[in-house]
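Okay, here's what each chain looks like letter by letter:
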Amino acid sequence: MKKFALFLAASAALLMAPGAASAQHRIKIGCTATSDCSSAMIAVDQGIFRRHGIEAEMVLIGINSNIPAALLSNSIQIGGPTSSVFLQAADGGLPIVAVAGASVMSPVTNPVVAAFVRNGLTLSKPADFVGRKVGAPGFGAYLHVLFVKWLMEGGVDPARVNFVEVSFPTMADVVRSQAVDVVLAGEPTVARMVQAGVGTVGARYVAELNRTDPIIFYAAARAWATQNPQAVAAFRAAIREAAEIANTDDAKATQSIANFTKQQIELVRSVPRSRQQPALVANDLRWWIEVMKQQKLLQGTPNPEPLILP
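Only a predicted model underlies this, so the values are computations on that prediction, with no experimental measurement involved. (Residues numbered from 1 in each chain as written. Predicted model: local features only at pLDDT ≥ 70, side-chain atom pairs only at ≥ 80, totals over all residues. Heavy atoms only, no water.)

**As for the state of the cysteines**
Selection rule: Cysteine sulfur atoms are paired as a disulfide whenever they come within 2.5 Å of each other. Categorising residues by exposure relies on relative accessible area from a 1.4 Å probe, with only protein chains included: less than 20% of the type maximum marks a residue as buried, more than 50% marks it as exposed, and the intermediate range marks it as partly exposed.
Scanning all chains against the criterion turns up one disulfide. Here C31 pairs with C37 through a disulfide, and the sulfurs are 2.1 Å apart. Between C31 and C37, the S-S dihedral sits near -85°, and the bridge is therefore left-handed. Take C31 and C37: they sit in the same class, and that class is buried.

Here is the structure:
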């Protein structure tokens, strides 16, 4: 009896120990195949989510603009929409809310985004893209909105460019087949297409815009976030911890990005990672709102304050 009592006491101690108990919250996190959600990838691989009571699973989303619908259908509980996709969804009345920051533009990583041009064409300045078919990974998504902004700053009416949606995993194939003239992509997709010899970099348009605003942040359905405050708090704590690793530990960050994106680790290692910034405030969204209003992508003028969960 004494041994049994000792066993029960030891078992209770293990269950109460930090990180030893089974996770309290099960969360699916949806992101596209980029390094922008590297903090979440690292939090999964390094057991950080588990230590904070979360059983997390990363889900690969082909097109960023599909993330808000996935959140509302509860296919995923947290997703990484681009700033533009998030704002357009919120402006359209979808009840979603930002819960933490992920990636931001920076002088180091802005050059990784490119308008990648198929073989046989030379396109580098805004006027060159008039009349061309350009594949974007989601209408209204980050790469699309910034490319349109670049065109407009170069004096080109974006209506003179033919945009189609192309997911990151299929970009090399559609460029090779000449189904499109250009795709808008980031790394490591660009490097993979260069290695495959299907085309060349035409313009590093995000670098030319030279901004430091949010790229992707973590969002949730408002109902889920308000009903699960402990899960949100645990998620935020884990992301803060993982973001530090993402920004400072090359080996761990590279391995996690390769694991999620299914890219060769040498390819991932060869390109700069998106900088992670877990803090997110309303002012971070104001430039995006101005840009999207200019492109008539918003019906109103969203107030960014209530779009970020306190």
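**A few points about the sheet that holds strand β5 (residues 114-118)**
Strands belonging to one sheet form pairs held by backbone hydrogen bonds; the direction of such a pair is parallel or antiparallel. Spelled out, the test is: When DSSP locates at least two bridges between a pair of strands, those strands are taken to pair. Where helices and strands are cited, they refer to DSSP runs of H or I of at least four residues and of E of at least two residues respectively, numbered from the N terminus. Every axis corresponds to a line fitted to the C-alpha atoms, with the helix fit spanning only the stretch in contact, and the corresponding angles, defined between N-to-C directions, vary from 0 to 180 degrees.
Taken together, five strands build an open sheet; the order of strands is β7-β6-β8-β5-β9 and the sheet is mixed. Of all strands in the sheet, those with a lone pairing partner are β7 (162-165) and β9 (199-203), marking the two edges. Adjacent strand axes in the sheet meet at a mean angle of 30° when their direction is disregarded. Sheet analysis places β5 next to β9, joined by four bridges and oriented antiparallel. When the sheet's bridge partners are listed, F116 is paired in β9 with V201.

**Considering helix α11 (residues 229-248)**
For an α-helix, the turn length of 3.6 residues means that residues three or four places apart are oriented alike. What counts here: Under the convention used throughout, the expected extent of a helix is 1.5 Å for every residue step, that is, one less than its residue count.
Given a rise of 1.5 Å per residue, 20 residues ought to cover 28 Å, and the 29 Å separating the end C-alpha atoms of α11 matches this to within 8%. Buried residues of α11: A231, V232, A234, F235, R236, A237, A238, I239, A242, A243, I245 and A246, and no others.

**Re the side chain of K149**
Rules: Contacts: residue pairs with any heavy atoms within 4.5 Å of one another.
Relative to the helices and strands, K149 is located in helix α6 (residues 142-153). Judged by its relative accessible area of 12%, K149 falls in the buried class. Those residues in contact with K149, other than ones at most four positions away along the chain, are L209, V291, Q294 and Q295.

**A look at the packing of helix α5 (residues 83-91) against helix α14 (residues 286-294)**
For the record, the criterion: Reported orientations rely on four angle classes, namely roughly parallel under 35 degrees, roughly antiparallel over 145, roughly perpendicular from 65 to 115, and oblique for the rest. Residues are grouped as follows: Ala, Val, Leu, Ile, Met, Phe, Trp, Tyr, Cys and Pro are nonpolar; Asp, Glu, Lys and Arg are charged; all remaining types, including Gly, are polar.
With their axes 10 Å apart at the nearest point, α5 and α14 run at an angle of 70° to one another. Here α5 is positioned roughly perpendicular relative to α14, judged by the angle of their axes. Of the residues in α14, those touching α5 at S83, S84, L87 and Q88 are W288, I289 and M292. Its residues assigned to classes, the contact of α5 with α14 shows four nonpolar, three polar and no charged.

**Quick look at empty space enclosed by the protein**
This is how the line gets drawn: The distinction between a cavity and a pocket rests on a 1 Å grid over the protein atoms alone: a 1.4 Å probe fits inside a cavity but cannot get out, while a pocket stays open yet meets protein on both sides within 12 Å along at least five of seven lines, and a residue with an atom within 4 Å of a point counts as lining. Grid points are joined across faces, edges and corners, and a volume is the space filled by probe spheres set on the points.
One pass over the full model with this rule turns up two cavities of 30 Å³ or more. Within this model, the largest cavity holds a volume of roughly 240 Å³. Every residue lining the largest cavity is counted, 23 residues in all, and those nearest its centre are T34, D36, Y142, L143 and I215. Looking at the lining of the largest cavity, the elements that each hand over two or more residues are α6 and β10 (214-221). Among the residues forming the lining of the largest cavity, the class breakdown is 12 nonpolar, nine polar and two charged. As a volume, the second largest cavity reaches approximately 40 Å³. Lining the second largest cavity, in full, are S35, E187, P188, I257, V268, V271, P272 and R273. Taken together, the residues of the lining of the second largest cavity break down into five nonpolar, one polar and two charged.

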